[in-house]
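Working through the structure, step by step
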Amino acid sequence: METTTKQPGIRVPLIDEEQATGRTAELYEQIKEATGLPFVPDMFRLTSTNPRLLEAVVAGYRGVFQGDTLPRDLKELISAWTSKLNGCPYCVGTHSWFLAEFGGSDELLEAVSAASTAEELPVDERTMPLMKLVEKVSTGAYKITDVDWERAAAAGWSDAEILEAVFCASLFAFINRLVDATGLGTSTDRSRIASQGDE
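For every chain, the first residue of its written sequence is number 1, and the numbers climb from 1 along that sequence. Since the coordinates come from a predicted model, pLDDT governs what is reported: local features require at least 70, and pairs of side-chain atoms require 80 or more to be given and counted, while whole-chain, interface and lining totals use all residues. The side-chain figures draw on all heavy atoms in the structure; neither hydrogens nor water molecules are used.

**Overview of the overall build of the protein**
Our working definition: Every helix listed is a DSSP run of H or I at least four residues long, and every strand listed is a run of E at least two residues long, numbered separately from the N terminus. Radius of gyration: C-alpha atoms only; globule rule: 2.2 Å multiplied by the number of residues to the exponent 0.38. For the exposure calls, accessible area comes from a 1.4 Å probe over protein chains only, and a residue counts as buried if that area is under 20% of its type's maximum, exposed if over 50%, partly exposed in between. Residue exposure ignores everything except the shown protein chains as possible cover, and the areas themselves are Shrake-Rupley values with a 1.4 Å probe.
For the protein, the helix and strand inventory stands at nine helices and two strands. Start at the N end of the protein and walk to the C end: the helices and strands fall as β-β-α-α-α-α-α-α-α-α-α. For 199 residues, the compact-globule estimate of 2.2 N^0.38 gives 16 Å, and the protein sits close to it at 17 Å. Looking at the protein as a whole, 48% of its 199 residues are labelled buried. Of the roughly 9400 Å² of accessible surface on the protein, a fraction of 52% belongs to carbon and sulfur atoms.

Okay, structure coming up:
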């Protein structure tokens, strides 16, 4: 029998790793393999009492981060920037940590934290149109035009790369809302990933 715990401020019960059984335990192992972490981040545990929902979250995460269409550092930048635009400190902290792990500079990490538009990010000319496109995914996807897509293509991004960038930003729009709605997203301090360097 799986037992759940309620953490202060989090609106849903979470299944502890030691208590997970059956499909939840299998998915927890997939999560650790996909993230490369020795623990299951709390974001995934939000849906742990419903393995069908957990499976959907895991599939989305693995689809983005276990693919090689875009480099990992760029996917982490998109994830952190999307989370910043969506006002989710938990995910900004988590994916800024991953961005640093995959080579993001201190300047870039500071910009993700402080910038208000993609133009303020210290990225190269090729990356800027892609970041402007994914910014629109968060700020008003219905405003994206063929021109936005064409600018990214003209900068040298393939259709497959642009699709993955847009999917990554869309996935994080979903994750940010899940994290915020359940009460986990209120603080970077809640992220066990972001606080690893403090331990």
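**Here's the deal with the packing of aromatic side chains**
How we decide: Only Phe, Tyr and Trp rings take part, Trp by its six-membered ring, and two of them pair if their centres are within 6.5 Å. Stacked means planes under 30 degrees apart, edge-to-face means over 60, and tilted covers everything else.
Here the structure, examined in full by the defined rule, presents four aromatic pairs. Ring centres 4.5 Å apart and planes at 35 degrees place the aromatic pair Tyr-61 and Phe-65 in the tilted group. Taken together, the positions of Tyr-61 and Phe-65, both in helix α3 (residues 51-65) and four residues apart, correspond to about one turn of that helix. Exposure remark for Tyr-61: the relative accessible area of 3% places this residue in the buried category.

**Examining the nonpolar core**
Side chains of nonpolar character tend, in soluble globular proteins, to be buried together. Selection rule: Only buried residues count toward a nonpolar core, which is a set of Ala, Val, Leu, Ile, Met, Phe, Trp, Tyr and Cys residues joined through side-chain atoms within 4.5 Å. Should any heavy atoms of two residues lie within 4.5 Å, those residues are considered in contact.
Ranked by internal contacts, the top residues of the largest apolar core, which has 60 residues, are Phe-44, Ile-78, Leu-121, Met-131 and Val-179. If you tally residues by element for this core, the top one is helix α9 (residues 159-181), at ten residues. Beyond its immediate chain neighbours, meaning those up to four positions away, Leu-121 contacts Trp-81, Ala-111, Val-112, Ala-115, Met-128 and Met-131.

**Observations regarding the layout of surface pockets**
Cut-off, in case you're wondering: As defined here, a cavity is a set of points on a 1 Å grid over the protein atoms alone where a 1.4 Å probe fits but cannot get out. A pocket is an open set with protein on both sides within 12 Å along at least five of seven lines, and residues line them when an atom is within 4 Å of a point. Grid points are joined across faces, edges and corners, and a volume is the space filled by probe spheres set on the points. All amino acids are sorted into three groups, where Ala, Val, Leu, Ile, Met, Phe, Trp, Tyr, Cys and Pro are nonpolar, Asp, Glu, Lys and Arg are charged, and the leftover types, Gly among them, are polar.
Taken as a whole, the largest pocket encloses approximately 170 Å³ of empty space. Along the walls of the largest pocket sit Pro-71, Asp-73, Leu-74, Leu-77, Leu-99, Gly-103, Gly-104, Leu-108, Pro-122, Val-123, Asp-124 and Thr-127, which together make up its complete lining. Residue contributions to the lining of the largest pocket peak at three residues, all from helix α4 (residues 72-85). Its residues assigned to classes, the lining of the largest pocket comprises seven nonpolar, three polar and two charged.

**Thoughts on the packing of helix α5 (residues 89-101) against α9**
For any two helices packed against each other, the geometry comes down to the angle between their axes and how far apart the axes lie. We count it as follows: All axes are obtained by fitting lines to C-alpha atoms, using only the stretch in contact for helices, and the reported angles, taken between N-to-C directions, cover 0 to 180 degrees. Roughly parallel refers to an angle under 35 degrees, roughly antiparallel to one over 145, roughly perpendicular to one between 65 and 115, and oblique to any angle outside these ranges.
Running from N to C, α5 and α9 cross one another at 125 degrees; their axes reach a closest spacing of 9 Å. As far as their axial angle goes, α9 and α5 are oblique. Along its contact with α5, which presents Tyr-90, Cys-91 and His-95, the element α9 presents Phe-172, Ile-175, Asn-176 and Val-179. Here the residues of the contact of α5 with α9 sort into five nonpolar, two polar and no charged.

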